[in-house]
Amino acid sequence: MDIDFGFTNKQIERYSRNIILSEVGGLGQKKLLESKVLIIGAGGLGSPLLLYLTAAGVGNITIIDDDFVELSNLQRQIAHDSNKIGQKKAESAVKLASAINPEINIKPLTERFNYSNALELIETHDIVADGSDNFETRFLAADTCYFMKKTLVSAAILRFEGQVSTWKGYNSQYPCYRCLFPDIPLPESTPTCSQAGIFGALAGMIGTIQAMEVIKEIIGIGSLTGQLLLIDSLYSETRKIKINIDKECKLCGKNPSILNLDHYAK
C-alpha cells in the first residue's frame with residue numbers, strides 16, 4: 001500500500017535519490033523535512049555541513065557565527081566567495097544554501113554561541129552539529145547537549161587530520177564528551193589553524209562526514225555514537241576508536257562535579 005507523505009511533485013523530484021534508498025524512503029525524507037538542526041560555526045566545517053544538510057532537505061536549520069568572511073577563509077570555507085569578503089559568515093553561508101534549496105527554512109545568527117544563548121538555542125533544536133574552532137565553544141556545546149538531552153555531532157580539523165564523533169551522553173549506555181576530553185585545554189596548548197595551517201580539502205571531507213552523521217541520526221540509520229572517527233588525509237588513513245564510559249567522569253560519572261553550566265558564566 002502506498003503511503004502519502006504529503007510531498008509536492010517538486011519535492012519528490014528534488015529528493016528522489018534519497019527516497020529510492022530503502023534505508024531512507026519517504027518516511028526518512030519526511031523526518032528530514034521536519035527536523036531542526038543547529039549548526040555552530042559557518043567556517044571550514046560549517047560550510048559543507050550547511051550545504052549538504054540543505055541539499056538533503058533538512059527542513060529547519062539555524063547557523064550561528066559572529067565572524068566575518070576574510071580572504072584567507074576562501075581556501076577551505078566553500079560557502080563563501082570573493083564577493084562576500086567583509087560580510088558576516090552566517091549570512092553569507094545562508095545566501096548560498098538558500099540558492100541550493102529555497103524551500104528550507106534557514107536562519108542565520110550573527111552572534112557568538114555562548115553561555116547566554118546556549119540553553120535556548122539547543123533546547124529549540126533536535127540535533128546540534130558543532131563545527132566551531134575553539135575549545136570553550138566545543139565544551140559548552142557538549143555540556144549543554146548533555147543537560148538538555150540532545151544529540152551532538154562534533155567535528156574538528158587541524159593540519160592534515162580530522163575527527164568526527166556523535167555524543168549521547170545523557171543516555172547512560174553511552175559515554176559523554178568529557179569521558180574522552182575531561183577538561184578544556186589551555187588555549188596555548190594547541191595551535192590554531194592560522195598558526196599550524198590546514199589542508200583545505202580536509203575541511204570539506206570532514207564537514208561532509210559530519211553532515212552524513214547528522215542525516216543518519218535524524219533518519220535513525222547507523223551511528224557513530226560511542227566512537228571516534230579519525231582521519232589522516234596526508235596518508236589517506238582512517239581508524240575508528242571505541243570510547244569507554246568513564247565512571248569517574250566529572251559530568252556523567254557516579255559523583256559528578258559539574259552539575260550545571262554556571263562555570264561558563266563570565
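Note that the coordinates shown come from a computational prediction; the quantities given were computed from them, not determined experimentally. (Residues numbered from 1 in each chain as written. Predicted model: local features only at pLDDT ≥ 70, side-chain atom pairs only at ≥ 80, totals over all residues. Heavy atoms only, no water.)

*Asks:* I tried to follow the sheet that holds strand 6 (residues 161–167) on my own but got confused; where do I start?
*Replies:* Paired through backbone hydrogen bonds, the strands of a sheet run either parallel or antiparallel to each other. Read across the open sheet, the eight strands follow the order 3-2-1-4-5-6-7-8; overall the sheet is mixed. Edge positions in the open sheet fall to strand 3 (105–109) and strand 8 (237–242), since each of these has one partner strand only. For this sheet, the mean inter-axis angle between neighbouring strands, taken without regard to orientation, is 15°. In terms of strand pairing, strand 1 (residues 36–40) meets strand 4 (residues 127–130) through four bridges, oriented parallel. From the neighbouring strand, Ile40 faces strand 4, where its bridge partner is Asp130. On the sheet, helix 5 (residues 89–100) packs against strand 2 (60–64) and strand 3 and is oriented at approximately 165° with respect to strand 3. (Pairing = 2+ DSSP bridges. Helix = DSSP H or I, 4+ residues; strand = E, 2+ residues; numbered from the N terminus. Axes fitted to C-alpha atoms, helices over the stretch in contact; angles between N-to-C directions. Contact = heavy atoms within 4.5 Å.)

*Asks:* Help me understand the nonpolar core in this model?
*Replies:* Nonpolar side chains tend toward joint burial in soluble globular proteins. One finds Ile39, Leu50, Leu53, Ile61, Ile206 and Val214 to be the most contacted residues of the largest nonpolar core, which totals 42 residues. Take this core: its biggest share by element is nine residues, from helix 10 (residues 200–219). Residues within four places of Leu53 in sequence aside, it is in contact with Val37, Ile39, Val58, Ile61, Ala211, Val214 and Ile215. Counting 22 residues, the second-largest nonpolar core is a separate cluster that includes Ile64, Ala118, Leu140 and Ala141. (Core = buried A, V, L, I, M, F, W, Y, C linked by side-chain atoms within 4.5 Å. Buried < 20%, exposed > 50% of the residue type's maximum accessible area, 1.4 Å probe, protein only.)

*Asks:* So what exactly am I meant to see when it comes to the packing of aromatic side chains here?
*Replies:* The geometry of an aromatic ring pair comes down to the distance between the two centres and the angle between the two planes. Following the criterion strictly, the structure yields six aromatic pairs and no others. Taking 5.3 Å as the distance between ring centres and 75° as the angle between the ring planes, the aromatic pair formed by Trp167 and Tyr177 counts as edge-to-face. Of this pair, Trp167 sits in strand 6 while Tyr177 is found in helix 8 (residues 177–180), placing the two residues 10 residues apart along the sequence. Residue Trp167 is classed as buried on the basis of its relative accessible area of 4%. We classify Tyr177 as buried; its relative accessible area is 7%. When the centroid spacing of 5.1 Å and the interplanar angle of 45° are considered together, the rings of Tyr177 and Phe181 count as tilted. (Phe/Tyr/Trp six-rings, centres within 6.5 Å; stacked < 30°, edge-to-face > 60°.)

*Asks:* Please explain unusual backbone geometry as it appears in this structure.
*Replies:* Leaving glycine aside, a negative phi is the common case for residues, and trans is the common case for peptide bonds. Backbone geometry places Arg159, a non-glycine residue, at a positive phi of 55°. In the Ramachandran plot, Ser236 falls in the positive-phi region, its phi being about 55° despite a non-glycine side chain.

*Asks:* Just to check I follow, could you spell out the pairing of strand 3 for this structure?
*Replies:* The two faces of the sheet receive side chains in turn, since in a regular strand these alternate between them. The pairing of strand 2 with strand 3 spans five bridges and is classified as parallel. When the bridges of strand 3 are listed, Ile64 appears paired with Leu109. Considered for its hand, the β-α-β crossover made up of strand 2, helix 5 and strand 3 is right-handed. (Right-handed = clockwise from strand over helix to strand, strands pointing away.)

*Asks:* Looking at this structure, I do not really get the pattern of salt bridges. What am I missing?
*Replies:* Note on pairing: side chains with opposite charge can pair once their charged atoms come close. Inspection of the entire model under this criterion finds eight salt bridges. Between Asp66 and Arg112 there is a salt bridge, with the nearest N and O atoms lying 4.0 Å from each other. On the criterion of sequence distance, the pair formed by Asp66 in the loop between strand 2 and helix 5 and Arg112 in the loop between strand 3 and helix 6 (118–123) is long-range, its members being 46 residues apart. The partner of Asp143 in a salt bridge is Arg178, and the shortest N-O contact between them spans 2.8 Å. Of the two residues, Asp143 is situated in helix 7 (residues 135–148) and Arg178 in helix 8; the sequence distance between them amounts to 35 residues. (Salt bridge = Lys/Arg side-chain N within 4 Å of Asp/Glu carboxyl O.)

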